[in-house]
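Coordinate analysis (summary)
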Amino acid sequence: MLSAYKRLFPALVFAALVFAPVAVFSSRIVSREISFFYALAWAVFAGGVAFASFYTGRVSFFRRIFFSVSALAFLVHFKFNLFSKVFDSSCFKDTPYCHIAIAPSFLNYLYLQYLALMSGGWAVWGPLSLVFVWLFATLIIGRAWCSWACFYGGIDDGLSALPKKALLKTEKWGFKLRDFPAALLIFLLLVSFANMLPVYCLWLCPFKMTGSFLDTDYALIRNIQYGLMVLALAVLFLGPLLTKKRTFCSFLCPFGAWQAFWGKLNPFRISVNALKCTGCQACVEACPMYAIESEPGSKAEISSYCNLCGECLKACAAGGINYSVLGFRMPYITEGFGKLLNPESFLVFSALTLGATFASLWAPAAMGDIVKLIR
Amino acid sequence: MAALFSEGFLLGLSTGAYCLASCLPVLAPYLLAGGGLSWKINFLIFIEFLAGRFIAYTLFALVAVSLGKASGPYLPQRALAAGMVVTALFMFYFLFSGRLKKHAPCLASLPAAWAEKRIPFLLGFLTGINICPPFAAGLLRLMGLADALKGLAYFGGFFTSTSLFLLPALTPTPFLGSRLKRIGRMTLFLAALWYLFLGLKGLISLP
């Protein structure tokens, strides 16, 4: 009974705290199109993940399951829609409503908003509304977006966990190229603005790879676009399998660089206890994002590219790495209802609730697609 | 004269976003990669870039006034595409000149060594010859005036206000560290590839 009180009941309360808002928001989102039960099933799944991670303390393991399932659901639903009328080439040159597109097309959004305000066209308020949603998400979970909510990240993360060992050792050049997404972001911001086109979506987005999107007059350009998209696909799917790292997120995602900058607005951090760190570098190897740097024997340094996935917590044998609020170390409560007050619990609650609510845009619908396909 | 200056200034203010869009992809990465730690150094680079742009615009304006017709001053499409290729080559040269000199010291005595010092000016000039829509509009008014001094006042106002739009490019430069410079070099490399692609595409696709 005492054990149940100390472990089971707090975990059930935690699961209920995640389940309730996800069920409410998810059912609101899907109610117009599909049955309420799909939303309920999705909320039960999110609640189950919350329960398992709280009960076992294996945050990263269950996060990855949730994250990968969410990304797979996106692929299923997106591909079902892809072959229908939703995304045809005539509408593609508008910047799509996708979080990845926010960063490289931000100047375009601002300019369109400026034009809307100047013309009195208040109905064209659309572009920046997505930015407000992003700002809200950034304040709530910051960089954790990249390890709890992003559908690209889910694929990259899930695949990076499959191999037992890395076939390619990438640390040498990996850290050298780690700033490439920042360069890509600056370049895309400027070039997208100069051409008033979502250049990233047109040239690099691997999810958009179908003939109908490449509506250009020149075969050469079409071939280059295909080539770049195949490269991006390889980095997204093959890269993690070969390197055990999230290669697309680490080297090709402009939103990752954007979020690394703005993520500082959010208080959640990963902190290293200098007294416990032995400089063994297990965390450096475990980090799928090349976000931890350390010389042998010296304290590990967490960079702003850290997306709070928690892989390093699991890897640190000395228990020297923890979730914290603004880097302040707090006593870590391991049992009972007090565990609900750990920074880790706050982060998991915020990230899982927000990630699951965001995924309600496609995950329940993907279940519906699969059921329809089976029938 | 003051009225003409204001008119040009207002035209520039209302259309400056276009100038920003056409010049920033070249200027911003260069400032990140080649800028210094003080405002003074970066401001000099900025001024040099503007001077290049100013010279290019003035040359066009002079040709426009002397020809007295709207279609005269435009460069052939092929020359514009070639200009983009040359812009890209200067960017590459800036990025790799250090390594080039290390492996081939004789290159230091070539005219390219002078070009390396004047890269902001050359980049400004090369972006200037790719006429943007607001400048084309200003040019028409300039030819209507048919007076060199009046044209200078009008054009001075236009150039001043459009240059204001480029000032935000200076904002991050005092915070340049080795890391931001590295990011700047990578950005410049991507921008150079982009300009090379656009230039080659123009050269290949034109009849």
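The rules we used
Residues numbered from 1 in each chain as written. Chains lettered and ligands numbered in written order. Predicted model: local features only at pLDDT ≥ 70, side-chain atom pairs only at ≥ 80, totals over all residues. Helix = DSSP H or I, 4+ residues; strand = E, 2+ residues; numbered from the N terminus. Buried ≥ 20, exposed ≤ 12 C-beta atoms within 10 Å, placed from the backbone. Contact = placed C-beta atoms within 7 Å. Axes fitted to C-alpha atoms, helices over the stretch in contact; angles between N-to-C directions. Parallel < 35°, antiparallel > 145°, perpendicular 65-115°, else oblique. Left-handed = near helix turned anticlockwise from the far one by under 90°. Nonpolar A, V, L, I, M, F, W, Y, C, P; charged D, E, K, R; others polar. Domains from an automatic or database assignment. Core = buried A, V, L, I, M, F, W, Y, C linked by C-beta atoms within 7 Å. Expected span 1.5 Å × (residues − 1).

Attention now moves to the overall build of chain A. Of regular secondary structure, chain A possesses 19 helices and four strands. Here chain A holds 375 residues, and 46% of them are scored as buried. Within chain A, residue pairs in contact and separated by at least 24 positions form 75% of the contacts whose partners lie at least 6 positions apart.

Another aspect to go through is the overall build of chain B. When helices and strands are tallied, chain B shows eight helices and zero strands. For chain B, the sequential pattern of α-helices and β-strands runs α-α-α-α-α-α-α-α. Considering only contacts in chain B between residues 6 or more positions apart, those separated by 24 or more positions represent 86%.

Residues and elements named next belong to chain A. At a minimum axis separation of 8 Å, helix H2 (residues 36–56) and helix H19 (residues 363–374) run at an interaxial angle of 120°. Regarding the angle of H2 to H19, the classification is oblique. Here H2 runs over H19; the crossing is right-handed. For the pair formed by H2 and H19, the contact residues are Tyr-38, Ala-39, Ala-41 and Trp-42 on the first element and Ala-363, Pro-364, Met-367 and Gly-368 on the second. Residue composition of the contact of H2 with H19, by class: seven nonpolar, one polar and no charged.

To continue, consider the domain arrangement of chain A. All names here are of chain A. Examined at the domain level, chain A breaks down into domain 1 (1–83 + 337–375), domain 2 (87–266) and domain 3 (267–325). A C-alpha centroid distance of 27 Å is found between domain 1 and domain 3. Contact residues are listed per partner, giving six residues for domain 1 and 10 residues for domain 3. Of all the secondary-structure elements, those providing two or more residues to the side of domain 1 that touches domain 3 are helix H3 (59–82) and helix H18 (343–359). Here the residues of the side of domain 1 that touches domain 3 are counted per class, giving three nonpolar, one polar and two charged.

On the chain B side, the residues contacting the 14 residues of chain A number 17 residues. Ranked by residues supplied to the side of chain A that touches chain B, first place goes to helix H11 (residues 180–195) of chain A with 10 residues. For the side of chain A that touches chain B, the residue count by class is 13 nonpolar, no polar and one charged.

Here we come to the nonpolar core. Core analysis: the biggest nonpolar cluster contains 165 residues, and Ala46(A), Ala50(A), Leu352(A) and Leu27(B) have the highest contact counts within it. When residues of this core are assigned to their parent elements, the largest contribution, 14 residues, is made by helix H1 (residues 2–34) of chain B. Leaving out residues up to four positions away in the same chain, Ala50(A) has contacts with Phe14(A), Ala15(A), Val18(A), Val348(A) and Leu352(A).

The next thing to look at is H19(A). Along an α-helix, residues three or four positions apart point the same way, because every turn accommodates 3.6 residues. Its 12 residues place the ends of H19(A) 17 Å apart at the C-alpha level, agreeing with the 16 Å of an ideal helix rising 1.5 Å per residue. Within H19(A), the full set of buried residues consists of Ala363(A), Pro364(A), Ala365(A), Ala366(A) and Met367(A).

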